[in-house]
Structures are given as C-alpha cells and as structure tokens.
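Here is how the chains run, residue by residue.
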Amino acid sequence: MTTSERLRDRLLAQASLADPSAFPPGFRWGLSTAAYQIEGAVREDGRGPSIWDTFSHTPGKTFHGDNGDTACDHYHRWRQDLDLLQELAVQDYRLSLSWSRLQPAGSGPLNPLAVKFYRDLLSGLAERGVRPLVTLYHWDLPQPLEDAGGWPARSTAAAFADYVAAAVVALGDLVQDWITLNEPWCSSVLGYGLGAHAPGRRDLAAAATAAHHLGLAHGLALARIRQLAPASRVGISNIVTDLWPATDSPADQAATQRLDASSNRLFLDPLCHGVYSDPVHAVWPALAAAIRPGDLETIAAPTDFLGLNHYHRSYVHHDDTAPYLALRETPAEPADTSCGWSVVPDSLEAVLIRVARDYSAAPILVTESGASFDDYVDPDAAVVDQERVDYLRGYLDAAGRALRAGVDLRGYYAWSFLDNYEWALGYSKRFGLVHVDYASQRRIPKLSAHWYRREITQHRQMTASPAHPA
Ligand code: IFM
C-alpha cells in the first residue's frame, strides 16, 4: 500500500464534525502564522533587527539557543507555501507583517524591498483565491524602538500608529481585514514582566505600562486605518484562557480572580468597556500612572470584530511562595500536549460564551487555536498526527456549540499552517498542520491537514446547496 493510500484509509476512518450545519454559510476557515516564526531571511533585503533577533541570540534565552534566522525559510519559499495553502482549501490565511522588515529603524519611510515582498505575497494569495487576514504586530518590535524604551515608552504607541498608517497606504489595496496586535498580554507581561519573551525584562511595573501603551497603540492604529481605508475591517487578537480554581477554597478562588484580572481582563476590560476595573488595578498598581486623559476612549473605539486566541483550560492554586501573584497555574491533569497544556474542548465554548456575553456584541474570529505534539515522519514519509485531528474536531465541535448558543462566531484559524519557531521554546514544539523538516525545508501535510481540508470542503459544499436550512 502506498503512503497516500494508507493516509486515505486513515482519513476515511476519521469522524467528521458532529454538527457542521452549526457553522453558517460564509464561515471563514483559515490557518495562521506569524512573520518571525516562519519567514527567516532576517538579514536580507534591508530588514533591521527586532527584539526577537536580539533575545534569541542572547545565550540562555531560548531552547538550545534556537532563533528565527532561517525558520521555515518562507521568505524564499512563499510561492510553494501559498500553493500548499490553496491545496488545503482554506479561504483565509492569517499572516503577520514584520515591522522591522518594513521599517527597519522603527520610523521613517518603508523599505521598498519589504513592500515588494509583501505585495507579491498578498497578490499571490489573491491569485490563489485565499483572503489575507493581516496582523500588524506579532511581537517583533524593531530593536531601535526597544533601545529608545520599548513598549513602556509612550512614544512607541505613536510610532506603531505611524508604521500602521504607512503599511496601510502601501498594502491596503490588497488587504481588507487587519488585526492591530496579537496577544498584547504576551508582549507586555511575558516580555517586560516575567522575562520569558523578548526583550526579556523582569519588571512588573514596566509590564503594566507596556500593557497600557499596547492598548493605546491599538486604538491609535485603529483610528488611522479608519481614516485611510474606511472600507476595511479591523480587530485585535487577545489570548483568552479558561481559568478555574483548583479547588473551591476561597484562596484558590481569589487566586483565579487575580490571574483573570492580570491576563484576560487586562485587555478585554479597557477594549470593550473603556475601563481598567478595580481587580485589574489591584494586580497592576503601576497602571494608573500610565493613563492620560482620553486614552481609554481611544482604546475602546469599536472594532469590526474581536479576535480570540484560545488554547487551553488552566487550574489555579493559591501559593504564597510563588513569585507572581502568589499563585500557580496547572493544566487539566494530566497535561495533554507537548507544551504541557490541556486539551479540554469545552474551554473554547466557555471562553466564546464569556466574551460574547460579558464583553462584545461584535463578531468574533477564533484567530488561533491549536496544539503541539511530538509528531514524527514515519518510515512511509507520512505524519499521522491523530491527536491533532482529535483536538481540531473537539475544539471545532465546541465552537459549533457556541454558535448554537448564539455566539456570533465568523471564523476559525487553526494555529498553525506550518510547524515553526515557537519563540523561547525554539523548534522543540510542533503546532503545524503541515510538518516542516528544518534541515531540508521539506513540507509534508499531516493527517490533520487532510482532515481539515475534508471538513472545509464538505462544509462549503453543504452550505452552497440551496437546500441548506441556514
Ligand atoms: O506560537 C504562538 C503564537 O505566536 C501566539 N499564540 C500562541 C502560539 C502557541 O504558543
């Protein structure tokens, strides 16, 4: 039996979505990536260094010293990668722009070679009938801006808005959907507070200030896009984790509230309600000093959609000895993925319902959802990632339940299109639906990619039929 016959049989044995008609016609099926995680070519065509180049080249900061110098070499292989996206039948591709490629110094005119690269890429998507969903900032701040103070400096928010305006002028005819920021919680708290991400600072006050300036950067950029490209749609992607107290003790419950305030609510409250609520101020006392009159109105300007990135449920324990917020977070036991996260599909349903109920009537896009497993290429050159198929089916079924419950969910973008550079964890974690052999740069669509394509194709056929009840 050939590899493709074996894969076909394996695929035939996979169950489909439980309730595909829960997903409305026009539902956007997509795949996600980010520039530094896939592009490589970090010193080519005038790209400048970003905080991730600096951090990943600092000894001891990343797993095995891994960096994004080559990554998936997408900068050179984008045509083949786009062909693959087309083969996978997705309507949408979520990618990010590298700020330090487009504007190497973090200010001034755009780098024409970078503009050409992204124009070619975006045109290539259009030729293949795939719509781009473009993230303007996915963590790779130009190093010169970090040297000038980074996100704790208010001037970085203004610099971001200027970069966004220039990017929209240069690329806006090829993009209708923009995401200002990806997971500002990671940029601020992991980057400036806990030192786990670039730029690797450990200063909680700086993290709070950075968080406010990221929110402000979003609001300022949103206003510029509205002005320059009024027909486009704009949102922001926040990571929203489903947090449960480990026990029903008051201490664990209070710890859960603290973690929720310091992560989920730090961005959702100001974005959707125009306030930092008291629990947020309580865990981030340095926040108040960063706020200037008018900031919250800028941050809370309505978006066209809310991006929600969701991976797992965590249980929270009060722990006096823990350095951050006197708590510890553990996944549902035992951990199910190679990152130590849980696979609990109900958690996606829960966060979708929470965001729709407590935060926003705007349409929601799940802009990331996925899982890392220790995938391997078997002797037949196939990658049979059964766990990822189960993950995707489970989380999509949960999304379907949220839709049935009335959540205005418009799309799902699996993380990730390709295996890629998983930040401080380097190349040790594989999230892709497509396997990447980093030595040869060979791509192999995994079983999950075949399964996702089948489900998308079936859904599109079903909803194209006049008999479809929706
Ligand atoms: O790889 C990351 C991505 O860049 C942002 N969200 C979470 C993913 C998995 O950790």
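Each remark here, short or long, concerns the structure printed above.
Below is a summary of the structure that appears in this document. On a predicted model such as this, the values are computed, not experimentally measured, just so you know. (Residues numbered from 1 in each chain as written. Predicted model: local features only at pLDDT ≥ 70, side-chain atom pairs only at ≥ 80, totals over all residues. Heavy atoms only, no water.)

Glancing now at the overall build of the protein chain. If you tally the helices and strands in the protein chain, you get 18 helices and 13 strands. The C-alpha radius of gyration computed for the protein chain amounts to 21 Å, which stays within 12% of the reference 23 Å derived for 470 residues, consistent with globular compactness. Taken along its principal axes, the extent of the C-alpha atoms in the protein chain is 65 × 55 × 50 Å. For the protein chain, the proportion of its 470 residues judged to be buried stands at 60%. The contacts in the protein chain between residues at least 6 apart in sequence include a share of 77% that link residues at least 24 apart. (Helix = DSSP H or I, 4+ residues; strand = E, 2+ residues; numbered from the N terminus. Rg over C-alpha atoms; globule rule 2.2 N^0.38 Å. Buried < 20%, exposed > 50% of the residue type's maximum accessible area, 1.4 Å probe, protein only. Contact = heavy atoms within 4.5 Å.)

Pairing is mixed across the open sheet formed by three strands, whose spatial order is 6-8-9. In this open sheet, the two strands that pair with only one neighbour each are strand 6 (242-245) and strand 9 (327-331). On average, each strand axis in the sheet is inclined to that of its neighbour by 35 degrees, with strand direction left out of account. The pairing of strand 8 (residues 313-318) with strand 9 spans five bridges and is antiparallel. (Pairing = 2+ DSSP bridges. Axes fitted to C-alpha atoms, helices over the stretch in contact; angles between N-to-C directions.)

As a matter of local geometry, the ligand sits amid Gln37, His138, Trp139, Asn182, Glu183, Tyr311, Trp341, Glu368, Trp415, Glu422, Trp423 and Phe431. Residue Gln37 places a side-chain N or O atom 2.7 Å away from an oxygen atom belonging to the ligand. In this structure, His138 approaches the ligand through a side-chain N or O atom, which is 2.8 Å from an oxygen atom. Within the complex, 95% of the 280 Å² of free accessible area of the ligand lies under protein. Classifying every residue of the shell around the ligand gives six nonpolar, three polar and three charged. (Near = heavy atom within 4 Å. Polar contact = N/O pair within 3.5 Å; in protein donor to acceptor, adjacent residues only side chain to side chain. Areas by Shrake-Rupley, 256 points an atom, 1.4 Å probe, with all protein chains shown as cover. Nonpolar A, V, L, I, M, F, W, Y, C, P; charged D, E, K, R; others polar.)

Read around the barrel, eight strands follow the order 1-2-3-4-5-7-10-11 and close on themselves; strand pairing throughout is parallel. The sheet shows a mean angle of 25 degrees between the axes of neighbouring strands, taken without regard to direction. Taken together, the five bridges between strand 2 (residues 92-96) and strand 3 (residues 131-137) define a ladder with parallel strand orientation. From the neighbouring strand, Tyr93 faces strand 3, where its bridge partner is Pro132. Sheet contacts for helix 9 (residues 184-193): strand 3, strand 4 (177-182) and strand 5 (233-239); angle to strand 5, the most-contacted strand, approximately 40 degrees.

Here the focus is helix 12 (residues 264-273). Across the ten residues of helix 12, seven count as buried, placing the element largely inside the fold. Inspection of helix 12 places Asn264, Leu266, Phe267, Leu268, Asp269, Pro270 and Leu271 among the buried residues, and these make up the whole buried set. Looking one or two residues past helix 12, Gly274 carries a phi angle of roughly 70 degrees, positive in sign.

Per the counting criterion, the structure on display carries 30 aromatic pairs. On the basis of an interplanar angle of 40 degrees and a centroid distance of 5.2 Å, the ring pair of Phe23 and Trp29 is categorised as tilted. Their ring planes at 75 degrees and their centres at 5.1 Å tell us that Trp52 and Phe55 sit as a pair that is edge-to-face. With a gap of three residues between them, Trp52 and Phe55 both fall in helix 3 (residues 51-56), about one helical turn apart. Accessibility assignment for this pair places Trp52 and Phe55 in one class, buried. Through successive ring pairs, a cluster of aromatic residues spans Tyr36, Trp52, Phe55, Trp139, Tyr421, Trp423, Tyr427 and Tyr438. Its guanidinium or amino end placed over the ring of Phe117, Arg101 lies 5.9 Å from that ring's centre, counting from NZ or CZ. (Phe/Tyr/Trp six-rings, centres within 6.5 Å; stacked < 30°, edge-to-face > 60°. Lys NZ or Arg CZ within 6 Å of the ring centre and 35° of its normal.)

Another aspect to go through is the side chain of His459. Within the secondary structure, His459 is located in helix 18 (residues 447-464). Judged by relative accessible area, which is 3%, His459 ranks as buried. Look past the residues within four positions of His459 in its chain and what remains in contact with it is Pro20, Phe23, Pro24, Phe27 and Trp29.

Inspection of every chain in the model, using the stated rule, returns 35 salt bridges. We note a salt bridge from Asp378 to Arg6, for which the minimum N-O separation is 2.5 Å. Residue Asp378 is found in the loop between strand 10 (364-368) and helix 17 (386-404), and its partner Arg6 is found in helix 1 (residues 3-12); the two are separated by 372 residues along the sequence. We classify Asp378 as buried; its relative accessible area is 13%. The class of Arg6 is partly exposed, set by a relative accessible area of 28%. (Salt bridge = Lys/Arg side-chain N within 4 Å of Asp/Glu carboxyl O.)

Counting 134 residues, the largest nonpolar core has Phe160, Tyr412 and Tyr452 as its most contacted members. With eleven residues, helix 10 (residues 204-228) is the largest single contributor of residues to this core. Residues in contact with Phe160, not counting those within four places in the same chain, are Trp99, Leu136, Tyr137, Trp151, Thr180, Leu181, Ala217 and Ala221. (Core = buried A, V, L, I, M, F, W, Y, C linked by side-chain atoms within 4.5 Å.)

Now for the pairing of strand 2. The buried count for strand 2 comes to five of five residues, which makes it a mostly enclosed element. Burial along strand 2 is two-sided: Asp92, Arg94 and Ser96 facing one way and Tyr93 and Leu95 facing the other are all buried. Strand direction decides the pairing type here: strand 1 (residues 28-32) and strand 2, joined by three bridges, are parallel. Across the sheet, Gly30 pairs through a bridge with Asp92, a residue of strand 2.

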